[in-house]
Amino acid sequence: MRGLIAYAFFVYHRIAMSETHPIDALKALEAEAMAAVAAAEDEHALEDVRIRFLGRKDGRISAILRSLPTLSPDERPAVGQEANRVKQVVSAALDERGTALAAPKAAAGEDLTLPGRHPWKGGLHPITQAVDEIWEIFRDLGFTRARGPEADTEWYNFVALNTPLDHPAADEQDTLYLVDSVLLRSHTSPVQMRTMEKHEPPIRIIAPGWVYRRDTYDATHTPAFLQIEGLVVDEGITFIDFKATLAEFARRYWGPDTQVRFRPSFFPFTEPSAEVDVKRFIRHPDGSTEETDWLEIMGAGMVDPAVLDNAGYDSERYTGFAFGMGPGRIAKLKHHVDDLRTFFDNDVRFLRQFSK
Amino acid sequence: MNVSYRWLRDLVPGLDLDAEGVAEHLALRGAPVEEMSSPGALLGDVVVGHVLTAGKHPNADRLSLCTVDAGDGVKSVVCGAPNVKAGSWYPFAPVGAVLPGGVAIKKAKIRGEVSEGMLCSPREIGLGSDHSGILEIFGDFTPGESFVGAMGLDDVTMDVEITANRGDLLSHLGIARELASDRHGEARLPEIPGDPGIELTWKQGAPEVEAGGVRIRIDDPDLCSRFVGVVIRGVEIGPSPAWLQEQLRGAGARPINNVVDATNYLMLELGHPMHAYDLGRLAGPAIVVRRPRPGESTFTTLDEVERKITPEMLMICDGERPVGVGGVMGGLDSEVDHRTTDVLLECALFDPKSIRSTRRALGMSTDASYRFERGVDPEDIRDAVQRAVGVILATAGGRVDGPALDVCPHLFEARVVGLRLARIQQVLGVPFTAARVRELLSPLGFTFEGDGEGDLLIRVPGYRSWDVTREIDLIEEIARTHGYDAFPAELGPYRPGTVPDDPMFQLEDDLRRALVARGLFEAQTPAFVPEGEGDVRVSNPLNTQEPYMRRVVLPSLLRRVERNFSRGTKDVRLFEIATSFRRVGSGEAPAEESHLAVALTGARDAPHWSAPEQALDVWDVKGLLEDVASLAYRGSATVVPATGEPGLYEAGVTFVVRDGAGVEVGRGGRVRDGLVDAPVWAGSVWGIELKMPDEVTPVASPLYKPVPQYPAVERDLALLVPDAVPAETVLETVRRRTVELLEEATIFDVYQGEGLPLATRSVAIRLRFRAPERTLKDKEVDRVVQGVLAHLKEELGVEARG
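Keep in mind that what you see is a predicted model, and the values were worked out from it rather than measured.

Peer 1: Report on the overall build of chain B, specifying residues and quantitative values.
Peer 2: The secondary structure content of chain B amounts to 17 helices and 41 strands. Here the C-alpha atoms of chain B give a radius of gyration of 41 Å, more than 25% beyond the 28 Å that 2.2 N^0.38 yields for 802 residues. Sorting the 802 residues of chain B into buried and exposed places 51% on the buried side. Taking the intrachain contacts of chain B between residues at least 6 apart in sequence as the baseline, contacts between residues at least 24 apart amount to 67%. Carbon and sulfur atoms provide 50% of the accessible area of chain B, an area that totals close to 36,700 Å². Seen as two clouds, the 87 positive and the 121 negative side-chain charges of chain B have centres 5 Å apart.

Peer 1: Now, about the overall build of chain A: what can you tell me, with residues and values included?
Peer 2: Looking only at helices and strands, one finds 14 helices and 10 strands in chain A. With respect to the three principal axes, the spread of C-alpha positions in chain A is 125 × 50 × 45 Å. A buried classification covers 53% of the 356 residues belonging to chain A. Taking the intrachain contacts of chain A between residues at least 6 apart in sequence as the baseline, contacts between residues at least 24 apart amount to 65%. As displayed, chain A has an accessible area near 17,000 Å², and 53% of this comes from carbon and sulfur atoms.

Peer 1: Describe the nonpolar core, listing the residues and the values that go with them.
Peer 2: Judged by nonpolar contacts, the single largest core of 102 residues is most densely connected at Phe138, Leu184, Tyr212 and Phe323 of chain A together with Leu428, Val437 and Met549 of chain B. Counting residues per element, this core draws most heavily on helix α10 (residues 239-254) of chain A, which supplies 8 residues. If you look at the next biggest cluster of nonpolar residues, it comprises 95 residues, including Ala19, Ile216, Val336 and Ile392 of chain B.

Peer 1: Talk me through the sheet that holds strand β3 (residues 47-56) of chain B; I want residue IDs and the actual numbers.
Peer 2: All names here are of chain B. Pairing is antiparallel in the open sheet, where 5 strands are placed in the order β5-β4-β3-β6-β9. Whereas interior strands pair on both sides, the edge strands pair on one side only; in this sheet they are β5 (74-79) and β9 (117-119). Averaged over all adjacent pairs, the angle separating strand axes in this sheet is 45 degrees, with direction ignored. Relative to β9, strand β6 (residues 89-94) runs antiparallel, the two being bridged by 3 bridges.

Peer 1: Can you lay out the interface of chain A and chain B for me, pointing to particular residues and giving the numbers?
Peer 2: Many analyses report the size of an interface as the accessible area lost when the parts associate. With 98 residues of chain A at the interface, the matching set in chain B holds 98 residues. Taken together, the two surfaces of chain A and chain B that pack against each other cover about 8,400 Å², and 55% of this comes from carbon and sulfur. The largest share of the area that chain A buries against chain B comes from Trp120, Arg145 and Arg147 of chain A, three residues that together contribute 11% of it. Our count for the chain A to chain B interface comes out at 13 salt bridges. Of the charged contacts, one joins Asp345 of chain A and Arg563 of chain B as a salt bridge, the two residues approaching to 2.7 Å between their closest N and O atoms. Viewed at the interface, chain B and chain A are joined by 48 residue pairs in polar contact (both at pLDDT 80 or more).

Peer 1: Requested: an account of the packing of aromatic side chains, with residues and values cited.
Peer 2: Aromatic ring pairs: the centre-centre distance and the angle between the two ring planes describe each pair. Counting across every chain of the model gives 24 aromatic pairs over all chains. When the centroid spacing of 6.3 Å and the interplanar angle of 70 degrees are considered together, the rings of Phe143 of chain A and Phe323 of chain A count as edge-to-face. Of this pair, Phe143 of chain A sits in the loop between α6 (126-140) and β1 (144-145) while Phe323 of chain A sits in strand β10 (residues 319-325); the two residues are 180 residues apart in sequence, bridging distant segments of the chain. The residues Phe143 of chain A and Phe323 of chain A share a single accessibility class, namely buried. A centroid spacing of 4.8 Å and a plane angle of 70 degrees characterise the contact between Phe239 of chain A and Phe487 of chain B, whose relative ring orientation is edge-to-face. Placement of the pair is Phe239 of chain A in helix α10 and Phe487 of chain B in the loop between α12 (471-482) and α13 (503-517), with the two residues belonging to separate chains. A single burial state applies to Phe239 of chain A and to Phe487 of chain B, both of which are buried.

Peer 1: Break down the pattern of salt bridges for me, citing the residues and quoting the values.
Peer 2: Here the structure, examined in full by the defined rule, presents 90 salt bridges over all chains. Here Asp132 of chain A makes a salt bridge to Arg513 of chain B, at a shortest N to O gap of 3.0 Å. Of the two residues, Asp132 of chain A sits in helix α6 while Arg513 of chain B sits in helix α13, which places them in two different chains. The partner of Lys75 of chain B in a salt bridge is Asp72 of chain B, and the shortest N-O contact between them spans 3.7 Å. Exposure remark for Asp72 of chain B: the relative accessible area of 59% places this residue in the exposed category.

Peer 1: So what about the side chain of Arg166 of chain B? Which residues, and what values?
Peer 2: All names here are of chain B. Positionally, Arg166 belongs in the loop between β10 (157-160) and α4 (172-183). A polar side-chain atom of Arg166 sits 2.8 Å from a polar atom in the side chain of Asp168. Setting aside chain neighbours within four positions, we find Arg166 in contact with Glu178, Arg464, Asp467 and Arg480.

Peer 1: How would you explain the sheet that holds strand β2 (residues 151-153) of chain A if you had to name every residue and give the values?
Peer 2: Residues and elements named next belong to chain A. Read from one edge of the open sheet, 3 strands run β2-β4-β3, paired in antiparallel fashion. Either end of the sheet is taken by a strand with one partner, and the two such strands are β2 and β3 (177-179). Here the average twist between neighbouring strands, direction ignored, is 40 degrees. Pairing of β2 with strand β4 (residues 182-184) involves 3 bridges; the strand directions are antiparallel. Of the residues in β4, the one forming a bridge with Asp152 is Leu183.

Peer 1: Could you give an account of the state of the cysteines, naming the residues involved and the relevant values?
Peer 2: All names here are of chain B. If you walk through the whole model with that rule in mind, you get 0 disulfides over all chains. Free cysteine: Cys120, not disulfide-bonded; nearest cysteine sulfur from Cys79 at 9.6 Å. Looking at Cys120, the relative accessible area reads 0%, which means it is buried. We note that Cys317 lacks a disulfide partner, and the nearest cysteine sulfur, in Cys224, lies 12 Å from it.

Peer 1: Explain the domain arrangement of chain A to me, and be specific about the residues and the numbers.
Peer 2: When cut into domains, chain A gives domain 1 (2-107) and domain 2 (126-354). Between the C-alpha centres of domain 1 of chain A and domain 2 of chain A there is a distance of 76 Å.

Peer 1: Go over the pairing of strand β22 (residues 343-350) of chain B with me, naming the residues and quoting the values.
Peer 2: All names here are of chain B. For β22, a buried count of 8 out of 8 residues is recorded, marking the element as mostly surrounded by other parts of the structure. Burial along β22 is two-sided: the residues Val343, Leu345, Cys347 and Leu349 and Leu344, Glu346, Ala348 and Phe350 are all buried. Bridging between strand β15 (residues 274-278) and β22 involves 5 bridges; their strand directions are antiparallel. Bridge pairing in β22 places Met274 opposite Cys347.

Peer 1: Quick one: what's the story with a negative patch on the surface, residue by residue and with numbers?
Peer 2: A contiguous patch of negative charge on the surface is contributed by Glu41, Asp42, Glu43 and Asp48 of chain A. Here Glu43 of chain A shows up in helix α3 (residues 43-54).

Peer 1: I'd like to hear about unusual backbone geometry, residue by residue, with values.
Peer 2: Residue Pro202 of chain A is bonded to the preceding Pro201 of chain A through a cis peptide linkage, with omega at 0 degrees. For the peptide bond that leads from Gly284 of chain B to Pro285 of chain B, omega is -10 degrees, which places it in the cis range. Position of Pro285 of chain B relative to the elements: it lies in the loop between β15 and β16 (286-290). Phi is positive for Asp180 of chain A, which is not a glycine, with a value near 40 degrees. Inspection of the secondary structure assignment puts Asp180 of chain A in the loop between β3 and β4. Accessibility expressed as a relative area gives 66% for Asp180 of chain A, which makes it exposed.

Peer 1: So what about the side chain of Arg226 of chain B? Which residues, and what values?
Peer 2: All names here are of chain B. Residue position: Arg226 is located in strand β14 (residues 224-233). Looking at Arg226, its side chain comes within polar contact range of the side chain of Asp406, at 2.7 Å. For Arg226, the contacting residues outside a window of four places in its chain are Ile218, Ala348, Leu349, Pro378, Ile381, Arg382, Asp406, Val407, Cys408, Pro409 and Leu411.

Peer 1: So what's going on with the layout of surface pockets? Which residues, and what values?
Peer 2: Residues and elements named next belong to chain B. Counted as a void, the second largest pocket has a volume near 990 Å³. In terms of lining residues, the second largest pocket is bounded by 38 residues, among which Asn264, Met267, Leu302, Asp367 and Ala368 are the most central. Elements supplying a minimum of two residues to the lining of the second largest pocket: α6 (258-270), β15, β20 (322-325), β21 (329-330) and α8 (367-374). Taken together, the residues that form the lining of the second largest pocket break down as 21 nonpolar, 11 polar and 6 charged.

Peer 1: Could you give an account of α8 of chain B, naming the residues involved and the relevant values?
Peer 2: Residue and element names in this part refer to chain B. Across the 8 residues of α8, 6 count as buried, placing the element largely inside the fold. What α8 keeps buried is the set Ala368, Ser369, Arg371, Phe372, Glu373 and Arg374. At the C-terminal side of α8, Gly375 shows a positive phi close to 95 degrees.

Criteria and thresholds
Residues numbered from 1 in each chain as written. Chains lettered and ligands numbered in written order. Predicted model: local features only at pLDDT ≥ 70, side-chain atom pairs only at ≥ 80, totals over all residues. Heavy atoms only, no water. Helix = DSSP H or I, 4+ residues; strand = E, 2+ residues; numbered from the N terminus. Rg over C-alpha atoms; globule rule 2.2 N^0.38 Å. Buried < 20%, exposed > 50% of the residue type's maximum accessible area, 1.4 Å probe, protein only. Contact = heavy atoms within 4.5 Å. Areas by Shrake-Rupley, 256 points an atom, 1.4 Å probe, with all protein chains shown as cover. Lys, Arg positive; Asp, Glu negative; His and termini not counted. Charge placed at Lys NZ, Arg CZ, Asp CG, Glu CD. Core = buried A, V, L, I, M, F, W, Y, C linked by side-chain atoms within 4.5 Å. Pairing = 2+ DSSP bridges. Axes fitted to C-alpha atoms, helices over the stretch in contact; angles between N-to-C directions. Buried area = accessible area lost by both parts, 1.4 Å probe. Salt bridge = Lys/Arg side-chain N within 4 Å of Asp/Glu carboxyl O. Polar contact = N/O pair within 3.5 Å; in protein donor to acceptor, adjacent residues only side chain to side chain. Phe/Tyr/Trp six-rings, centres within 6.5 Å; stacked < 30°, edge-to-face > 60°. Disulfide = S-S within 2.5 Å. Domains from an automatic or database assignment. Patch = residues over 30% accessible without salt bridge, like charges linked within 9 Å, V, L, I, M, F, W, Y side chains within 5 Å. 1 Å grid on protein atoms, 1.4 Å probe; cavity = no way out; pocket = protein on both sides within 12 Å on 5 of 7 lines; lining within 4 Å. Points joined across faces, edges and corners; volume = space filled by probe spheres on them. Nonpolar A, V, L, I, M, F, W, Y, C, P; charged D, E, K, R; others polar.

Okay, structure coming up:
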């Protein structure tokens, strides 16, 4: 009776074995081999694994490949393909593990708290970053960029902009001259006239660029600085569009809770003219909030009809608005830089603070 | 302009704003207050002290021991001032007082005597720099009363910023009018204390008026449209009364004497610059308003400066010679002084442009010229003179002699400006009725012809005749008085503009981003440079060290590298895109180009513990130069070793960039030794300067090429290359001889040194071959390689290394 049971078990076992398909057996063998590769702690152990699975004589995978001719012609191609695949996978894993084990010992059991490798970090100048941020907002509001020369004539810098040279307004920007009536532009407003001369309305541009004044360097003045001009001209542009566009800009730049104030002012080339002030509402990370004082951010106004006339536009038909702001001043306010000269010093320890 | 708050309150009795409120209000009317100051602000603790006795300190020669009545009892005070005397009044800081600068007064024992407070010098209470003695004050005081109150120091001086168009605001009355118009009060002139109320009689004419032997004549009516003179005899020159001095100080002016103070008072109150001549020192006595005669080429002004005068200037002269520069400054010789008894008071109208060119030519600006340049009220001249005479009579005595002489070649006529209601809406976006316009503009002094509902004809008051001349000027007044904040700010639809985005901006942005990604910092440097770095000179530079506009940008960056070195920074990688200026011809605007400059020094890579540091070398700079040139010139530029004059760079380590047409557009390399002031620990400095293209070529869209389907075959060549043969030539020959199958040829190693024949180096090149339609056979590739080797040997003398 016992013998019978033993026999039955034997028969059962045989049947179970024979019913394990050779492909499944290969997959099991692959898993076993991969685990053995991973477990090999040194190159000797890895070599043992290679011999055990891929050795020419006794390797278990090699054995299956050798036994292919004994299989039925139906089975042969599929099993052969799978056996080759397993051989390649295991072989690649052996190579990879071998490379890893052969690498300098520093890599193994290494101290992963050591710093990682970074390339040098660079960065845009903080004033360029301000120009870019301002440009991106105006781009979204349908503006394009225009440029004009930095050395320009009295006509473009003053006269065409309704600023007679014998008017005190021409003094306010004490101007650097090159020769005769050629000067270094004291504002970016000459680009207004140059753009209108070349293009028909609608005009919707900003013009970033360097401007020059006869100033000495101090905390709030530099004889050269960046300015961004803006000009919109079309039929039906009103004081409402002027206020709305600049208030929209201010809220996008300084935050949605920003208050915007328009104060009457005077520029010969705009009328009515305004100074635009913002009062920021800052939420600090610790939950506290802060309201700033009014900060003057730009001069602006409706384009004076005399300027449109000088550009050859019909000032009875077209109206518009213009504005000018200093991205240096804006960057100064934004980053709490107390001296404009710091921006031109270009100390890399300063510039690095604005790296992104 | 300095404005006294108390003065404004006197002019606008209904003013219900404090100084802060006035400042806020003026800001919203276009005249922001820059600064407010009050001389008495920090002196609240100081009282008026009466010194009862002053005796010698028993233990110190230079000190006095005094008793001071300070209101709340008699104090014992030790005083170090030489001028202390019994019976006099002084500012007294009692125990517990805090003085400007934070000095706290404590009870103290000085050389054995108790001191219960301090008698103060001007410096101690911030009223001046004098510290030689204590400040004796004169007047009718009560011991212990507030020093600030007793001295009239409780005023607030506001520094109001007046825009160039608003000459009418350069006076207290002008500011008061602006305030009153909105507060529904009215500005009115307060009575002058002691004014006898004499009504002037007038004698008007042109070009000359004469009365009582005094003659006034205008020879140049274009530059002086009116000149009013009044003779006052028997004045007594002396200090002004306290009210006048206080008033002037509150407005930031310095009292001088009663007659001069009276003219200054009127200028500050009404905006009319006036001048008083010593009649006894005027030849004639006469005033002639004319250009200088030949021979009249210098003139000494009140400030004792001898100035050059030219025929374009307008002079005020007596019967013989100039006595003043019209509208700018009086002369030293006819100045009123303590001996003066008879004066001639002047109030005139000068042409703003002429005043401006005169005072610019003289290199000066005075309170008078500042106002005349911006335009004074041409309408109220007689009222102003009447009031000035009242102040002089009240403060200096005397009597008016004869009628006031009013020489008036051009009588001012008020301007009438038309205003269309539709135009207001076209500009402001909001409709305004005629009634609303009247409501807004009337308080400012504008009057209306007719009372219709439609378009308007508006008469401009004299004091606004300079800035309100057109319809748009009236529209601005409407917007300003309506209040800018009262307009809606709804964003409406808009049409896109016709101006394309200038592609140079995008190219510059692309370059900036590429350089930042490579670890460089963008710098910004002003374009002014010293001689030698540019050929465009500023004709009126303020900084004479840097009077040129730069032709090249790199030196500006090198100075920043130096500055970083001086602060101990070893690794500096800067770039800038900036304008270069080049002289093209005399009298012409310079040519401008956009340049990219790069300056690099230090380690190639950020330090890491895994590898030793390597310094930047020539291949870093060459690679960078190739990359930026390729980006800027869309792949058409070439970078080749420089020959000839290397300029800013070291010979033999310099490259030249040429554009597609072969024109040099840039350079790069190792910056010449000695150009940068470098500390011993600093590494080599590398530089690049690349001109941006004149036109930005659009980037062509890449056209798809199928990725290779067939395997490649690689071959490595180890070549012995004579030193005279450039690597580029070897590569070029290889490429030329393998055209069809060669995919890529890369130099992967260069070796120089032992084991090689003399004057040769070993260059290893990896060749990758591929055929698009088939798998290459080894034999076929070997044949090509053999062919290449044969050609290399034949053409260049390059052999395969054994």
